[in-house]
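Chains, contacts and geometry: an overview
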Amino acid sequence: MTRAVVIGATGQIGRVAVGALAGDGWEVTALSRGGDRDAGWPRDVRVVRADREDDAALSAAVGEGCDVLVDMVAYGEAQARQLLSLAGRVGSAVVISSLSVYEDDRGRNFDTQTEPDGFPEYPVPLTEAQRTIRPGDASYSTGKAALERELLAAGDRLPVTLLRAGAIHGPYCRTPRELYFVKRNLDGRRRHVLAYGGESRFHPASVHNIAELVRLAAPRPGTRVLNAVDPDAPTVAEIAAAIDAVMGVEVEHVLVDGPPPADGVGDTPWSVPAPVVCDMRAAQDQLGYRPVVRYADRLPETVAFIEERLAGRDWREAYPKMYEAYGDLFDYAPENAWTATARQG
């Protein structure tokens with residue numbers, strides 16, 4: 001039996017990854033700030049309460065050593081160096097990164113998307129060879145790039161697999177994009193206005209597929225960067241229709257050519273003017289990866305989790321990070337006004 005330590009074990013990816021590793025025969029130590037135990041984990045999973053910012057606590061969790069250290073929440077240069085300080089006691093690492101580190105050949109990236117003509121136009125499909133944003137501490141994207149740079153530069157000391165995740169979906173997500181359509185349906189909105197003709201594609205990534213990549217990478221030490229997304233990249237219109245079907249409602253889709261016609265109208269968390277669709281051949285070639293689920297397979301559990309979390313609560317209380325990221329998604333006044341004007345025209 002080999003030993004794995006998972007940081008961020010009770011997060012959306014960690015819960016599934018711990019189960020996948022334990023099911024593969026790993027002796028797993030699950031580290032989280034709350035020290036909670038997921039009901040689906042085997043009893044022999046060791047649970048440790050610790051904050052990953054606490055170097056001593058993390059070091060104690062690793063103990064005399066582990067074969068693989070899996071980090072779900074690493075971010076920035078400092079946390080990269082924290083992981084590297086354990087190199088003598090860790091065989092290899094698997095670390096979650098993000099697609100947001102990519103930039104296009106004109107230097108446009110997710111940080112520039114709010115600027116005029118600022119949204120990146122990536123190749124389709126997007127491979128790991130695409131250039132990345134300059135590392136730094138200015139944003140989430142630059143912080144993830146800094147994390148990657150430090151870890152990759154020290155690959156001879158600590159072999160690391162970096163998984164660049166897409167639009168993550170599944171239970172326990174703090175910023176579920178699916179919330180947009182779930183709450184609209186719960187609010188009785190029977191019309192979805194979708195910018196860019198409803199054709200926007202922002203590649204989703206199931207926690208189950210990411211956990212499968214973690215499971216495959218754990219016993220295969222190496223320094224590599226891999227995309228981590230689902231086998232399919234549905235359009236926003238297809239996602240809306242799938243959620244409507246799960247919830248058993250019929251909704252009219254109003255497709256608008258081009259960008260949102262007004263603030264707060266037609267702009268969903270997936271709405272992008274150019275597709276973000278990734279290539280997964282590197283993971284297939286290097287790890288023998290095959291996806292374990294498709295987007296629609298796990299949508300019912302995602303919707304059910306969101307509905308349960310919203311029950312009797314203001315959505316901003318239930319999902320404060322979503323409010324921070326996207327603002328008031330459910331102020332329907334602008335959409336009502338635009339719809340009334342469009343009908344008159």
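In short, a report on the structure. (Residues numbered from 1 in each chain as written. Predicted model: local features only at pLDDT ≥ 70, side-chain atom pairs only at ≥ 80, totals over all residues. Heavy atoms only, no water.)

**Observations regarding the overall build of the protein chain**
Along the backbone of the protein chain there are twelve helices and eleven strands. A compact globule built from 345 residues should have a C-alpha radius of gyration of about 20 Å, and the protein chain, at 21 Å, falls within 12% of that. When contacts within the protein chain are restricted to residue pairs at least 6 apart in sequence, long-range pairs at least 24 apart make up 76% of them. A total accessible area of about 15100 Å² is found for the protein chain, and carbon and sulfur atoms account for 45% of it. (Helix = DSSP H or I, 4+ residues; strand = E, 2+ residues; numbered from the N terminus. Rg over C-alpha atoms; globule rule 2.2 N^0.38 Å. Contact = heavy atoms within 4.5 Å. Areas by Shrake-Rupley, 256 points an atom, 1.4 Å probe, with all protein chains shown as cover.)

**Quick notes on unusual backbone geometry**
With an omega of 0 degrees, the peptide bond running from V124 to P125 counts as cis. Secondary-structure assignment places P125 in the loop between β5 (90-98) and α4 (140-153). Phi is positive for Y172, close to 75 degrees, though the residue is something other than glycine. Note that Y172 resides in the loop between β7 (167-169) and α5 (179-186).

**Considering the packing of helix α3 (residues 76-84) against α4**
The contact between α3 and α4 brings their axes to 7 Å, and the two run at 30 degrees. On the basis of their axis angle, the class for α3 and α4 is roughly parallel. Along this stretch, α3 crosses α4, giving a crossing that reads as right-handed. Facing G76, E77, A80, R81, L83 and L84 of α3, the residues of α4 in contact are G143, A146, L147, R149, E150 and L151. Here the contact of α3 with α4 is built from residues that sort into six nonpolar, two polar and four charged. (Axes fitted to C-alpha atoms, helices over the stretch in contact; angles between N-to-C directions. Parallel < 35°, antiparallel > 145°, perpendicular 65-115°, else oblique. Left-handed = near helix turned anticlockwise from the far one by under 90°. Nonpolar A, V, L, I, M, F, W, Y, C, P; charged D, E, K, R; others polar.)

**Observations concerning the pattern of salt bridges**
What the rule picks out here adds up to 22 salt bridges. Across the salt bridge formed by R15 and D38, the nearest N and O atoms sit 2.8 Å from each other. Separated by 23 residues along the polypeptide, R15 in helix α1 (residues 12-23) and D38 in the loop between β2 (27-32) and β3 (46-49) bring together distant segments of the chain. Each of the two residues, R15 as well as D38, counts as buried. The shortest N-O distance in the salt bridge between R294 and D232 comes to 3.9 Å. Here R294, found in the loop between α8 (281-287) and α9 (299-310), pairs with D232, found in the loop between β10 (224-228) and α7 (236-247); they are 62 residues apart in sequence, far enough to count as distant. Overall, the relative accessible area of 43% leaves R294 in the partly exposed class. Sharing partners across several salt bridges, the network here consists of E77, R81, R149 and E150. (Salt bridge = Lys/Arg side-chain N within 4 Å of Asp/Glu carboxyl O. Buried < 20%, exposed > 50% of the residue type's maximum accessible area, 1.4 Å probe, protein only.)

**So, the environment of S59**
Take S59: it is sitting in helix α2 (residues 55-62). Filtering out sequence-adjacent residues up to four positions away, S59 remains in contact with L86 and R89.

**Re α7**
The first and last C-alpha atoms of α7 sit 17 Å apart over twelve residues, in line with the 16 Å expected at 1.5 Å per residue. Along α7, the residues that are buried comprise V236, A237, I239, A240, I243, D244 and M247. Down the axis, α7 shows its buried residues gathered within 160 degrees of arc, on one side only. Positive backbone phi, at 70 degrees, marks G248, one or two positions downstream of α7. (Expected span 1.5 Å × (residues − 1). Arc of directions from axis to C-beta.)

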